[in-house]
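Examination of the molecular architecture
Spelled out, the chains give:
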Amino acid sequence: MDGRDEIIGRVAGSIAVGHPARVAIDGPPAAGKTTLADELAVILRGQGRDVIRATIDDFLFPRARRYARGEFSAEGCYFDTHDNDTLNRVLLDPLGPGGDRRFQHAVYDHAADAVVSPPASTAPAGAVLVFDGVFLMRPELIDRWDLRVLVSTELEKTVERAVIRERRVSSRADVERRWRERYIPAQRLYFATARPADHADIIVHNDAARTR
């Protein structure tokens with residue numbers, strides 16, 4: 001299948017109607033996850049679906065815990081960065097079968113580098129959670145999703161995308177070091193241990209704009 005609209009249409013058409021559907025948009029940093037998730041949300045809203053947009057970046061541990069093993073630790077990136085237990089408890093489980101649909105879409109304040117607890121909202125019965133982030137098919141999360149989408153791209157290509165994306169806040173040297181020493185090795189660890197491509201319902205090959 002070729003063409004961006006066809007790809008997003010296929011993903012949208014694969015989302016079940018019933019209890020809130022939980023859609024994971026997984027992939028490496030700078031692979032295009034957020035763009036795909038935002039485009040999918042627009043399509044779903046145009047179809048009359050209630051959409052909850054959320055991201056793994058709002059379920060981070062505070063910085064001191066994230067970097068306890070060092071700023072460039074790949075193991076720290078994979079094991080110490082995301083509060084997956086809280087993600088399950090306040091968002092994924094409430095929206096799952098048997099859940100009460102009372103959810104929180106975020107628990108981390110980036111500006112304050114602090115854990116927060118915003119008021120809970122109630123999802124409509126037919127809502128769709130479109131959730132983007134890294135490591136979404138790890139063992140702690142794999143069975144929480146109703147549709148698993150993996151955005152696939154060559155890891156080396158994400159470095160240049162990251163340099164462009166972060167050019168206003170970081171130098172090329174800083175971005176390249178962070179990607180080559182922390183993010184890319186963490187992705188290789190994830191792919192070797194969790195094997196997300198084996199669990200994905202749909203793989204979007206973002207370099208070639210096609211799906212599997």
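Residues numbered from 1 in each chain as written. Predicted model: local features only at pLDDT ≥ 70, side-chain atom pairs only at ≥ 80, totals over all residues. Heavy atoms only, no water.

Below, the discussion takes up the overall build of the chain. Along its length, the chain carries eight helices and 10 strands. Projecting the C-alpha coordinates of the chain onto the three principal axes gives extents of approximately 45 × 40 × 35 Å. Here the chain holds 212 residues, and the buried ones make up 49% of them. For the chain, the proportion of contacts with a sequence separation of at least 24, taken over those separated by at least 6, is 72%. (Helix = DSSP H or I, 4+ residues; strand = E, 2+ residues; numbered from the N terminus. Buried < 20%, exposed > 50% of the residue type's maximum accessible area, 1.4 Å probe, protein only. Contact = heavy atoms within 4.5 Å.)

For Arg148, the position within the fold is in strand E8 (residues 147-152). Summary of buried charges: Arg148 has no salt-bridge partner, and the nearest side chain of opposite charge, Asp201, is 4.1 Å away. In terms of polar contacts, Arg148 uses its side chain to reach the backbone carbonyl oxygen of Ile142, at 3.0 Å. Look past the residues within four positions of Arg148 in its chain and what remains in contact with it is Ala24, Met137, Ile142, Asp143, His199, Ala200, Asp201 and Ile202. (Lys, Arg positive; Asp, Glu negative; His and termini not counted. Salt bridge = Lys/Arg side-chain N within 4 Å of Asp/Glu carboxyl O. Polar contact = N/O pair within 3.5 Å; in protein donor to acceptor, adjacent residues only side chain to side chain.)

Now for unusual backbone geometry. Of note in the backbone geometry, Asp113 takes a positive phi value of approximately 50° without being a glycine. Structurally, Asp113 is set in the loop between strand E4 (108-109) and strand E5 (114-115). Judged by its relative accessible area of 30%, Asp113 is partly exposed. Despite not being glycine, Phe135 has its phi angle at roughly 60°, a positive value. The topology assignment puts Phe135 in the loop between strand E7 (128-133) and E8. Taking relative accessible area as the criterion, Phe135 reaches 1% and is therefore assigned buried.

Further remarks concern the pattern of salt bridges. Evaluated as defined, the whole model comprises 15 salt bridges. When the shortest N-O distance is used, the salt bridge between Asp113 and Arg66 registers 4.0 Å. Placement of Asp113 in the loop between E4 and E5 and of Arg66 in helix H3 (residues 63-66) is noted, with a sequence separation of 47 residues between them. Overall, Arg66 belongs to the buried group, its relative accessible area being 9%.

Orientation of helix H1 (residues 4-13) relative to helix H2 (residues 33-46), taken along the N-to-C sense of each, is 70°, at an axis distance of 10 Å. Relative to H2, the element H1 is oriented roughly perpendicular. The two elements H1 and H2 meet at a crossing, and its hand is right-handed. Residues Arg4, Ile8, Val11 and Ala12 of H1 touch H2, and the partners they reach there are Thr35, Leu36, Glu39, Leu40, Ile43 and Leu44. Among the residues forming the contact of H1 with H2, the class breakdown is seven nonpolar, one polar and two charged. (Axes fitted to C-alpha atoms, helices over the stretch in contact; angles between N-to-C directions. Parallel < 35°, antiparallel > 145°, perpendicular 65-115°, else oblique. Left-handed = near helix turned anticlockwise from the far one by under 90°. Nonpolar A, V, L, I, M, F, W, Y, C, P; charged D, E, K, R; others polar.)

Let us now look at the layout of surface pockets. When its volume is computed, the largest pocket comes out at roughly 790 Å³. As for the largest pocket, its lining consists of 32 residues, and the residues nearest its centre are Pro29, Asp57, Arg165, Trp179 and Tyr183. Put simply, the parts of the chain that give the lining of the largest pocket at least two residues each are H2, H3, E7, helix H6 (155-165) and helix H7 (172-193). (1 Å grid on protein atoms, 1.4 Å probe; cavity = no way out; pocket = protein on both sides within 12 Å on 5 of 7 lines; lining within 4 Å. Points joined across faces, edges and corners; volume = space filled by probe spheres on them.)

Turning next to the pairing of E7. Burial analysis of E7 places six of its six residues in the buried class, which makes it a mostly covered element. When strand E2 (residues 51-55) meets E7, the two strands line up parallel, connected through five bridges. In the strand pairing of E7, Ala54 is matched with Phe131. (Pairing = 2+ DSSP bridges.)

Spatial relationships are all this shows, so hold off on functional conclusions.
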